[in-house]
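Summary of the model geometry
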Amino acid sequence: MYKLFRSKIAIALTLMFIVFLVGVFGYRLIANFSWVESVYMTIITVTTVGFAEVRPLDSNAQIFTVFLIISSVFIFGFAISVISEYILSKNSLQLLKKKRVRNKVKNLANHVIVCGYGRNGQQATERLRAYKKPFVVIEKDKELIESHEGNVLFIEGDVNEDDVLLEAGIENAQYLVTALPDDAVNLFVVLSARQLNDKLFIISRASQATSVKKLQFAGANKVIMPDKIGGDHMASLVVMPDLITFMDKLSMEGKHTTNLEEVEIEDFKGALNYKSIRDLDLRRKTGCTIIGYIEPNGNYIINPEADLELQPKGKVIVLGRPEQIDKLNQMFQLD
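These remarks concern the structure in this document.

What counts and what doesn't
Residues numbered from 1 in each chain as written. Predicted model: local features only at pLDDT ≥ 70, side-chain atom pairs only at ≥ 80, totals over all residues. Heavy atoms only, no water. Helix = DSSP H or I, 4+ residues; strand = E, 2+ residues; numbered from the N terminus. Buried < 20%, exposed > 50% of the residue type's maximum accessible area, 1.4 Å probe, protein only. Core = buried A, V, L, I, M, F, W, Y, C linked by side-chain atoms within 4.5 Å. Contact = heavy atoms within 4.5 Å.

We now examine unusual backbone geometry. In terms of backbone geometry, most residues other than glycine have negative phi values and most peptide bonds are trans. One non-glycine residue, Asp 281, lies in the positive phi region at around 50°. Mapping Asp 281 onto the fold places it in the loop between helix 11 (277-280) and helix 12 (282-286). Judged by its relative accessible area of 25%, Asp 281 is partly exposed. Phi is positive for Asn 303, which is not a glycine, with a value near 50°. Considering the arrangement of structural elements, one finds Asn 303 in the loop between strand 9 (300-302) and strand 10 (315-319). Take Asn 303: its relative accessible area is 58%, and that puts it in the exposed class.

Let's shift gears to the nonpolar core. Of all hydrophobic cores here, the largest spans 29 residues; its most connected members are Ile 113, Ile 138, Ile 155 and Leu 176. At the level of secondary structure, the elements contributing two or more residues to this core comprise helix 3 (59-106), strand 1 (112-115), strand 2 (135-139), helix 6 (162-167), helix 7 (183-196) and helix 8 (211-218). When near neighbours in sequence (up to four residues on either side) are disregarded, Ile 138 contacts Ile 113, Val 114, Cys 115, Gly 116, Ile 155, Gly 157, Val 159, Val 164, Leu 165 and Ala 168. Listed in part, the 17 residues of the second largest apolar core include Ile 265, Ile 277, Leu 280 and Val 318.

See below:
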């Protein structure tokens, strides 16, 4: 659609330029005006401002002026209509896009709200997309939105405003990730989000170590320091490179690279029949291995025993190759 308008605008500008050249050369050759006089006469003629002629025109110059006025009126009218249509359609398209986004957000539930689409925000959305977790991004940079709006559901606005958070569906959201570079802004977002939805699980970025406790006190469930994680990771590659590389491969995302899965006991089909890890028998059925168990109170058990009693609100951490994880999802209808 925009290509069509751009082509029309290009045609209109080309025609206007041709009319200008015809007028200048016409007055130069027919009326024997100087170049400056020819430009002046062409401008006052095509714009119909009504200024006086440079000097009296003979019959040939008058006829030429009549045709120049008629052609310029039609061409300038065409140019104005094309430009006006382009502006109106662009505004209408933007309104239509915003309405479509609002309708999509209204239909979301238990989704993730990502505040900020910088480097960390983009990494977060890539991982969410890989795991097919619905998300909405709040961003105020229009250029950034326009360059990525084909792949991401954006809410344009300032995260400091409650109306913007509400427009992103914070009342029905399950998670909020605030990945802004300013700790003070992240703190304000956490406070506002916690006030609007007290059940929300909030993950906040922090740049300074002194901000971690403040963000937690404000209501953040988890606080991440990307710079610290990056430094620790690089140091670990020096101390135990093979182990860290192996762990990186385990945590890779994507359809053909997922090796870890977190599953709630209640999500297993026929969960009432499974009293222990032995009853699940995932190793024989799918090839996957349970390497961890999370109790309902949040306590983590690494490499749990086969006779460990399962609780409905508990979770298991499953390790397996991509095809084994797919078999697990299909067998127990976890997707």
